[in-house]
Every structure is written in structure tokens, then in C-alpha cells.
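Overview (structure and organization)
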There are 2 protein chains.
Amino acid sequence: MENIALNFNRALGFISQESVDSYKTQAEKYNLALHEKTLRGNDFLGWVNLPSSISEEHIVDVENTAKKLLAKKLDILVVVGIGGSYLGAKAVIDALSSNFSNFVKGDAPHVIFAGQNISEDYLAELRQLLQGKEYGIVIISKSGTTTEPALAFRVLKKDIEEKYGKDEAGNRIIAVTDASKGALRQLATEEGYKTFVIPDDVGGRFSVLTPVGLIAIACAGFDIRQLIQGAKDMEAQTSPEVKFEDNIAAQYAAVRNELYKDGKKIEILVNYNPKLHYFAEWWKQLYGESEGKEGKGIYPSSVDFSSDLHSMGQYIQEGERTLFETVLSIKNVDNTVVVPNDEANLDNLNFLAGKRVDEVNKMAELGTALAHVDGGVPNIHVEVPQISEYYLGQLIYFFEKACGISGYMLEVNPFNQPGVEAYKKNMFALLEKPGFEEETKKIKEKLK
Amino acid sequence: MENIALNFNRALGFISQESVDSYKTQAEKYNLALHEKTLRGNDFLGWVNLPSSISEEHIVDVENTAKKLLAKKLDILVVVGIGGSYLGAKAVIDALSSNFSNFVKGDAPHVIFAGQNISEDYLAELRQLLQGKEYGIVIISKSGTTTEPALAFRVLKKDIEEKYGKDEAGNRIIAVTDASKGALRQLATEEGYKTFVIPDDVGGRFSVLTPVGLIAIACAGFDIRQLIQGAKDMEAQTSPEVKFEDNIAAQYAAVRNELYKDGKKIEILVNYNPKLHYFAEWWKQLYGESEGKEGKGIYPSSVDFSSDLHSMGQYIQEGERTLFETVLSIKNVDNTVVVPNDEANLDNLNFLAGKRVDEVNKMAELGTALAHVDGGVPNIHVEVPQISEYYLGQLIYFFEKACGISGYMLEVNPFNQPGVEAYKKNMFALLEKPGFEEETKKIKEKLK
């Protein structure tokens, strides 16, 4: 079995191999600390051994729940969640689906997310869509009171109960929530929903391999065993027993921190396969929330190439020299299209005739890396053998482990997100939520 | 008729009103220069008077072409183009469509883009999708030899000719290309395609109001007259006769340049309505390609809030203080969803009962602006009365005009994109394109 591979040779014109190697001691120390739970944020390290600790019983439970739901021949599964309760499943499902899956009805239902925004049009149009469809709902919320998903679920719950009656609606709703506390746990108990537990020690952005991600991924028809297996293999390959030189998560953490020290303030995650668009969104949450604090942190950004070579390409080639790129390079694609010969050859493309389209894509990738390096943009290359459940599992754990180590190198707590509360507090004050009377007074004063 | 409005009061804690006002002379000079074509890039200023110079005859031609194509009851219209030949139409169509338009067959065809990437999976899956569908193709390319669209069109042309026969295929293909030169013009003449002209003096990223954007938008069922009217009204409102104080394009240009001078290196375009996601992608090309050069330029980024408050929100609130935000705020949404009362009130949301969802969204928006300003992120507010053809037209021209002025303030040529060639040259060398023998030798040497 191949593994994902890291290559940062094209960053070494900007930082030295020695400077990367100098991270060895701290990288190994921080990796060990993640396993021994000795440093900051140690209440939220359940993800570290998660892949190797998932039980067969749990996997079967998820699989059977998905099977039971799918037996209802759903057209659509609505997954209600925000942040980590949205991006992990979305990333995996999009990566594994056809680019045009929305247009075709397959065996599995379309997975549509809700409660990840407060757009009235979005919710109204979703309700309209659902009217004529067979559907079910997965509601994901630790507390059950996060505004966005709670609001969407309040509306959608009424609709599904109206459509199917309360009993059958209850059979079509799955709740992923706290083991014992909170509004959603209480509701699920009262209504008799099938439930799954969000572990206390796994933060949202690290939760894709918990039921938070697994239920939706299984319902979309994908193999969660392979996903977990990939993560488990990467867990082994990045364990504290593996020395720095052989640990790609530690190496990636070191390289990006050294580039940051060198003035590279923006990391652009690059793909050449548009199915990975949401994988980059998941990655942005992982790194942005873990590292963007105390006035520090690399700004995470992403592009879909070659599309965005025709939008962001100019800036990346010649704008401020504060960028570096991390490329997700997919070795083998799933389909085959060979460039046909054309007698007239008006488009001058006959030199490509007989080649696969992916060969052209690969040369765009290599040509771009060389051009950007020449333009002053260091390049990190992450080679992924193919887009499959197994390698997505590897990739997820690779980025998670690297993120933990990298956040410790940056000397922040990578496992909190204190800044996310600020807008919520203001929003509640503006909406005059009971309990926020003091804040309401203050904010109204401020807005005068 | 209301207009879009600019408010930068929440940037004034970071820069002063006086510093903004000090841009008056240059802003007015540069605005005049755009109209009189006296400064850099003056070969590409056709967009400046474009809205007011579009003839009734041209509009009717576009409308009739769309009607004729739609009479064929297309399921799908494939639009082949990259960069400006992709993002403008995509931005407008997405903004005006249901969030779930992919899942429902309406009167107009689904517009699917191709040739904006080199993904073999994307092209293969598109071909598969098209097999069972009624479809037509719009191919957009000035030269007809840009690799991405030319490659996709070479494959799709063979398919459509196989499906419908050469004659009927020719009736289903529209070419948007150079008036007289180039491979696509020649092909269109030979095959008898209906054609439209890409003006010589309008660059790709400024081309959405030429046939490059208009054909696809009209075929998707939207009102191009209103779009053009909005742009025309904004053209008048930002003309050189309008003084700096009243010219929102000039003001926006001044504020963002002053923030940049003040160390704000990243501009985040924010929306609270996910339909505007691709409008931000269009904006990123407009500003990134126009300003990202000579080692300068604000890095354009974008987020969909409140979704991304749960991913990028932490960084924006507490990361490096080098950001500012520009918010696209939609005053009136199209649909109505009222938060229902719930007797049990487990989710504690009854304080919102009776409110519209959009009221909650608006308080999220205001609460976030206040929180981010408190956290050190200046905020620019662009209020848009609603998402409609007319206001999208206003918004497009507003950003274009501001971009021209802003680029001159930055002392770059805002109308070239020399950096986009670098990857292409390498790619051709690696693919051993005839004519690139010397580059092929060099690059192979380099890769040894």
C-alpha cells in the first residue's frame, strides 16, 4: 500500500534544510505531548488516538443506522450542522462524489447541508425543495442551542413532522450530540431519536472521524471503514515512536513554521482537482481556528487550479512576496479521457493528441510550481495516491497531527477558539436574548 | 430607485477621514484618466463606457440567440471558458438562482461550466452527464487556443457532433471570440456557428457585460437589460463629473489604499448570503489580477458568513492584525421564513419567535462587524438593496470603476496580467509544444 508523501524540496531555496532539522527536538517533544496530554488544550486531545480506538461495534452501529435510513429510499438527507459539524463530512463527500452528483439520482441520497448559515433564502428554498422529496435529517450539535443549526432544525423539524407525522418523522431523524447534557440530548430522548455521541474531548474541527462526520459519510454511500483505516495507518506513521526525519506531520509543521518566521504570512492550499474544494475549506477551519490567535498565525487561503491561475494566479506570481503554497497532488485520477486528434488542428492542440487530460493537468501543476518558485513562492508538495476513502483518512489525520504540533510550535493553544464567541455575544445582545440584558444595554449605547 | 451605498465609518478608527479625503485630487485625476484613456493600460479601457454604449440592436441579438437556443428545450447549457470568460457569468447566474437550482429542472437550462480546469475526472463526468441530456455549448475564447477551454471544446465538440450530427451540432454551438482573428473565429466561420465578438479593448476580468457574460446569463433566463441598466446608472454615478465626496467608487478606492498603506495586507470580501459566493470569486480575479504585481497589492480573500465564522472567524477575530473586511450587505431578501414558536423551547430560541430569519442574519452581521472592529479589523460596508439583475449591474460597475482608480493609486498598470503567462510557458515546455523547443531543453535541464 502506498502512502501520502511530503516533499518540500521546492521550499528549500527559501529556508534551509538545517533550519528545518533544527525543529527536531521540539517537534518530537510536542508530538509526544499530544499523546501524553501534557500541554495546553489537553482536554481536547481525544482525536489523537481516535482512529485506533474506534470499536467494531461502533462502526457497525453507524453502518446499520445508515442502512436503516437508506431503506426508506431517501432522495435527500439534510445534515444540520455548522463549522466542524459541517465541513468534515462535506469535504469527504464532495471529494468522493462525481462533480455533477447534484444532477443525477444515484443509489444514495443527495446530502444537503443546512444550519450552516442564517440565510433566509437558503432555508426557504430548501423547504421548497424538500416538499416534493423523500428525506431524512441528521442534526449535529453538542449543546443543541448553537443558533444556526438550532434555528434551521426548529423549522425543519416542524416540516418533517407535518409531512410524515410525528412518529415516522422520529424514525427519520438522527441526533448527534452530547452523551448526557444539553437541549438536543433531552429532545432526542423525549422524541425517541436514534442518537450518537460527540465525545467531550474532541473539538469540532477534529471531529470528522466521530459520528459527527461518519453518519453523513456512511449515508452518502461511502466506506467509513476505509476512511478510518487510512487515518489509523497515519496515526501509526506519525506516532511518537517515529523519529522527526520520518514523520511527515512533524516535518510539515516544521517547514510551515520556519516559512512563517521567514515572513511568509499566507499559506495557500492548492488543488488541481475541483472535488477537493471543500477539503480545503475543512483545512482552513483546522488551521485558522487552531493557530489564528494572540495576534499570530499563518492566514489560511485556498485555490482551485488551474481555474484560479486565471484569477489569483497573477497575484501569486507577482504580488507581495509573503505567500507559500501547499499542493495536494493526486497521483491517479479515476476516469480516462484521451485528447483526440483533429485533422484541421485550428486550436494547435494536436501535440497533445493521444495524451490523457491528466497528463496535461500534471504538467500544469509542475509548470506552475516551477513558475511560482521562480517568482518567490515556496512550494510544499503533498502527494496523494488517489482520491479514495482510505487516502482521505490518511490526509485528514496527517493534517490534524501536523496542526497539533504546529500550534505548539507557534506557542498557542491549538485546541481552543475563544474568538468565535465574540460575534455570538454581540448577536445575542442585539437580538435581546434573555440573560443578555446588560450586553444589550451596552451595545445599544454604543450604536447610538 | 435606491442605489448601492458605501459606508466606511467602521474603518475610521484605523484611518482618519482626513487621510481618506487627501486622496481627492488623485482620485479625480485617475477617474478622468480612465475616461480620457491617458494613463497606463489605456488599450484596455473599453469597459469604462461599455454600459452606456451597448446598442439596442446588440441586446436584441443576444436575447434572440438565447431564445432560439432555448427553443430546443435544453436540459443543460455548457459554457466553455476560463478566468473572465467564466467567473462573470457564474457570479451573476449563481446570485440570481435558487441555492438548490441544480436539483430542480426549471424553464431555463442548467448552466454548467467547462474548460475552466484540466481535471480529467471533471471532463469525464461531464461527458457522462451529457449523454442522456439535451444540450448546447457556448465556447468563449478570444484566441481559441487557450489550453483549458480549447482542450475541453475539442472533446465536447466531437461528442455533440456525434450525438446530433454535424449540422444540428452547429446550430447548438455559439462562439464568443475575436471579431476577425484567431482559431475560434476561423472555426466558427467554417462551421457556420452563430458568433459574438469579444471587444479588443475589454480585458477578461472586465468582460461580464460583453457577450462573454451576457449570452450565458440570458440563456439562464435572466434579464440582461436590467443588468446593463444597473451598470449604466452606476457609470453615471461614478463619472468624472461627480466629485470625490459623492463618488462611491473613488471613495472605496481611497479607503482600501489608505488601509493598505496602514499595513492591512488582506481584504476579505464578506457575504451573508451564500448565493454571492461566486460574486466574491469574480471580485478576487478583478482585484487580484489588477493589483497583484510589482511585489505589491492587497491579497484578495473571501468568506461566506455566518458559515465561515465557524472556520475563519477565529483567525479574523484574533490572528495577525493585517486584515480588513468589505461586507456585501443585502438589504432585502427574496423569501420569507418566520421563526416558529415552540412550546417546549428546549433550544431556547423562543425569544426569536415571530422574527424573520433574515433579522437574525442581520444581527449576526452587525454583531460580527462590531466584534471584528473591536478585534482590530476595519470594516467597509457595501449595502445592496437586493440581489437582482439591476443591483448586480450596479455592483459590477462599482467594483470595476473602483478597481481602475485603485490600481492607479497603487501605481501599477491595473489592466495587464503579465504573471499569468509564467505557468503557461512552463507547461508548454514540459508538454513539448512545437515552438517551445528551447524552453523544453532548459526546463528538462532544470529538472535533472
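Reading the values: the criteria
Residues numbered from 1 in each chain as written. Chains lettered and ligands numbered in written order. Predicted model: local features only at pLDDT ≥ 70, side-chain atom pairs only at ≥ 80, totals over all residues. Heavy atoms only, no water. Axes fitted to C-alpha atoms, helices over the stretch in contact; angles between N-to-C directions. Helix = DSSP H or I, 4+ residues; strand = E, 2+ residues; numbered from the N terminus. Parallel < 35°, antiparallel > 145°, perpendicular 65-115°, else oblique. Left-handed = near helix turned anticlockwise from the far one by under 90°. Contact = heavy atoms within 4.5 Å. Nonpolar A, V, L, I, M, F, W, Y, C, P; charged D, E, K, R; others polar. Least-squares fit on C-alpha atoms with pLDDT ≥ 70 in both. Pairing = 2+ DSSP bridges. Buried area = accessible area lost by both parts, 1.4 Å probe. Salt bridge = Lys/Arg side-chain N within 4 Å of Asp/Glu carboxyl O. Buried < 20%, exposed > 50% of the residue type's maximum accessible area, 1.4 Å probe, protein only. Core = buried A, V, L, I, M, F, W, Y, C linked by side-chain atoms within 4.5 Å. Domains from an automatic or database assignment. Polar contact = N/O pair within 3.5 Å; in protein donor to acceptor, adjacent residues only side chain to side chain. Phe/Tyr/Trp six-rings, centres within 6.5 Å; stacked < 30°, edge-to-face > 60°. Lys NZ or Arg CZ within 6 Å of the ring centre and 35° of its normal. Expected span 1.5 Å × (residues − 1).

Here we take up the packing of helix α5 (residues 84-96) of chain B against helix α9 (residues 211-219) of chain B. Residues and elements named next belong to chain B. Two numbers describe how α5 lies on α9: the axes approach to 8 Å, and their chain directions differ by 40 degrees. In terms of orientation, α5 and α9 fall into the oblique class. In the crossing of α5 with α9, the sense of the turn from one axis to the other is right-handed. Residues Gly84, Ser85, Ala89, Val92 and Ile93 of α5 touch α9, and the partners they reach there are Val212, Gly213, Ala216 and Ile217. Among the residues forming the contact of α5 with α9, the class breakdown is six nonpolar, three polar and no charged.

Moving on: the relation of the copies chain A and chain B. Mapping chain A onto chain B calls for a screw motion: a turn of 180 degrees about the axis and a shift of 0.0 Å along it, with 0.0 Å RMSD after fitting. In the structure described here, the two chain copies are related by an operation that fits a two-fold rotation axis. A high fraction, 100%, of the interface residues of chain A reappear at the interface in chain B, so the copies pair face to face through one surface.

Moving on, we come to the sheet that holds strand β4 (residues 135-140) of chain A. The strands making up a sheet associate through backbone hydrogen bonding, with each pair oriented either parallel or antiparallel. Residue and element names in this part refer to chain A. Spatially, the five strands line up as an open sheet ordered β3-β2-β4-β5-β6, and their pairing is parallel. Taken across any chain shown, the strands that pair with only one partner, and hence form the sheet edges, are β3 (110-114) and β6 (194-197). Neighbouring strand axes in the sheet, compared pairwise and without regard to direction, differ in orientation by 20 degrees on average. Contacts from helix α5 (residues 84-96) reach β3 and β4 within the one sheet, and its direction differs from that of β3 by about 155 degrees. Relative to the sheet, helix α7 (residues 147-171) contacts β2 (76-80), β3, β4 and β5 (173-177), its axis offset from that of β4 by approximately 135 degrees.

The next point concerns the interface of chain A and chain B. Taken together, the contact between chain A and chain B spans 127 residues of the former and 127 residues of the latter. Carbon and sulfur atoms supply 63% of the area that chain A and chain B bury against each other, a total of about 11,200 Å² over both sides. The partner of B:Glu320 in a salt bridge is A:Lys265, and the shortest N-O contact between them spans 3.0 Å. If you tally residues by element for the side of chain A that touches chain B, the top one is helix α14 (residues 357-374) of chain A, at 13 residues.

Our next topic: unusual backbone geometry. Residue and element names in this part refer to chain A. For the bond running from phenylalanine 305 to serine 306, omega is 0 degrees, close enough to zero to count as cis. Its location among the elements puts serine 306 in the loop between β8 (299-304) and α13 (313-318). At glutamate 411, a residue that is not glycine, the phi angle is positive and equals roughly 65 degrees. Tracing the backbone shows glutamate 411 in the loop between α15 (389-409) and α16 (421-430).

Now for the side chain of B:Ser301. Examined against the element boundaries, B:Ser301 turns out to sit in strand β8 (residues 299-304). Of the residues examined, B:Ser301 reaches a relative accessible area of 7% and is grouped as buried. Among all residues touching B:Ser301, those that are not within four sequence positions of it are A:Tyr299, B:Ile266, B:Glu267, B:Ile268, B:Leu269, B:Trp283 and B:Lys284.

In globular proteins that are soluble, nonpolar side chains generally tend to be buried together. A:Val78 and B:Val78 are the most contacted members of the largest nonpolar core, which has 122 residues in total. If we skip the residues at most four places from it in the chain, B:Val78 touches B:Ile112, B:Ala114, B:Leu126, B:Leu130, B:Tyr135, B:Gly136, B:Ile137, B:Val138 and B:Leu156.

Bringing the environment of B:Gly393 into the picture now. Residues and elements named next belong to chain B. By the element assignment, glycine 393 lies in helix α15 (residues 389-409). Residue class for glycine 393 comes out buried when judged on its relative accessible area of 0%. Taking the C-alpha atoms as reference points, glycine 393 and glycine 144, 249 residues apart in sequence, are found 28 Å from one another. Once residues lying within four places of it in the same chain are set aside, the contact partners of glycine 393 are Leu227, Gly230 and Ala231.

Another aspect to go through is the pairing of β4(A). All names here are of chain A. Counting buried positions along β4 gives six out of six residues, so the element sits mostly inside the fold. Neither face of β4 is left uncovered, since the one carrying Tyr135, Ile137 and Ile139 and the one carrying Gly136, Val138 and Ile140 both have all their residues buried. With five bridges connecting them, β2 and β4 associate as parallel partners. Of the residues in β4, the one forming a bridge with isoleucine 76 is tyrosine 135.

Residue and element names in this part refer to chain A. Under the domain assignment used here, chain A contains domain 1 (5-40 + 228-417) and domain 2 (50-225). One C-alpha centre belongs to domain 1, the other to domain 2; they are set 29 Å apart. Taken together, the 29 residues of domain 1 in the interface contact 28 residues of domain 2. Together domain 1 and domain 2 conceal approximately 2,400 Å² of surface at their shared face, both sides included; 65% is due to carbon and sulfur atoms. Considering only the side of domain 1, the residues that lose the most area to domain 2 are Ile228, Lys275 and Tyr278, jointly responsible for 33% of the buried surface there. Among the ionic pairs, arginine 205 bridges to glutamate 289, the shortest N-O distance being 3.0 Å. Here domain 1 is connected to domain 2 by 13 residue pairs in polar contact (both at pLDDT 80 or more). Elements supplying a minimum of two residues to the side of domain 1 that touches domain 2: α10 (224-237), α12 (277-291) and α15. When residues in the side of domain 1 that touches domain 2 are grouped by element, the largest group, eight residues, is from α12. When the residues that make up the side of domain 1 that touches domain 2 are grouped by side-chain class, the tally is 15 nonpolar, six polar and eight charged.

Looking now at the pattern of salt bridges. Close approach of charged atoms allows side chains of opposite charge to pair. Overall, the coordinates contain 70 salt bridges over all chains when judged by the stated rule. Between B:Lys166 and B:Glu191 there is a salt bridge; the shortest N-O distance is 3.0 Å. Taken together, the residues span a long stretch of sequence, with B:Lys166 in helix α7 (residues 147-171) and B:Glu191 in helix α8 (residues 183-191) at a distance of 25 residues. One network of salt bridges, with partners in common, ties together A:Lys72, A:Glu134, A:Glu168 and A:Arg172.

All names here are of chain A. Among the six residues that make up β8, six are buried, leaving the element largely enclosed by the rest of the structure. With burial as the criterion, each face of β8 is covered, one bearing Tyr299, Ser301 and Val303 and the other bearing Pro300, Ser302 and Asp304. Note: strand β7 (residues 266-271) against β8, six bridges, orientation parallel. Opposite glutamate 267, over in β8, you have proline 300 as the bridge partner.

Another aspect to go through is the packing of aromatic side chains. As enumerated under the stated definition, the model contains 44 aromatic pairs over all chains in all. Residues A:Tyr252 and A:Phe399 carry aromatic rings whose centres are separated by 5.6 Å and whose planes lie at 75 degrees to one another, so their mutual orientation is edge-to-face. Taken together, the residues span a long stretch of sequence, with A:Tyr252 in helix α11 (residues 248-261) and A:Phe399 in helix α15 at a distance of 147 residues. Exposure class is identical for A:Tyr252 and A:Phe399. Each is buried. Where A:Phe279 meets A:Trp282, the ring centres are 5.0 Å apart and the plane angle is 45 degrees; that geometry is what we call tilted. Of the two residues, A:Phe279 and A:Trp282 both sit in helix α12, three residues apart, roughly one turn of that helix. Assigned by exposure class, A:Phe279 and A:Trp282 land together as buried. Put simply, the rings of A:Tyr252, A:Phe279, A:Trp282, A:Trp283, A:Tyr287, A:Phe398 and A:Phe399 pair up and form one aromatic cluster. Seen from the ring of B:Tyr278, B:Lys90 lies directly overhead, with NZ or CZ sitting 4.7 Å from the centre.

Residue and element names in this part refer to chain B. Pairing is mixed across the open sheet formed by five strands, whose spatial order is β1-β10-β9-β7-β8. The two strands at the open ends of the sheet, each matched to only one other strand, are β1 (5-7) and β8. Going from strand to strand, the sheet's axes swing by 20 degrees on average, the running direction of each strand aside. Packing of helix α14 (residues 357-374) onto the sheet brings it into contact with β9 (323-332) and β10 (379-386), and relative to β9 it is tilted by some 160 degrees.

Residue and element names in this part refer to chain B. With respect to the helices and strands, lysine 157 occurs in helix α7. For the pair lysine 157 and lysine 68, spaced 89 residues apart in sequence, the C-alpha to C-alpha distance is 20 Å. The contact partners of lysine 157, leaving out residues within four places of it in the chain, are Lys166, Leu187, Glu191 and Tyr193.

To continue, consider α14(A). Residues that lie three or four places apart on an α-helix share one face, since the helix turns once every 3.6 residues. Taking 1.5 Å of rise per residue, the 18 residues of α14(A) would be expected to cover 26 Å, and the 26 Å separating its terminal C-alpha atoms lies within 8% of that figure. Note on α14(A): the residue one or two positions beyond its end, A:Gly376, has a positive phi of about 105 degrees.

Attention now goes to helix α6 (residues 120-131) of chain A. In this model, α6(A) (twelve residues) spans 17 Å end to end at C-alpha, consistent with the 16 Å of a helix rising 1.5 Å per residue. Counted residue by residue, α6(A) has nine buried out of twelve residues, so it is predominantly covered. All buried positions along α6(A) are accounted for by A:Glu120, A:Asp121, A:Tyr122, A:Leu123, A:Ala124, A:Glu125, A:Leu126, A:Leu129 and A:Leu130. If you follow the buried residues of α6(A), they end up packed against β2, β3, β4 and α7 of chain A together with α14 of chain B.

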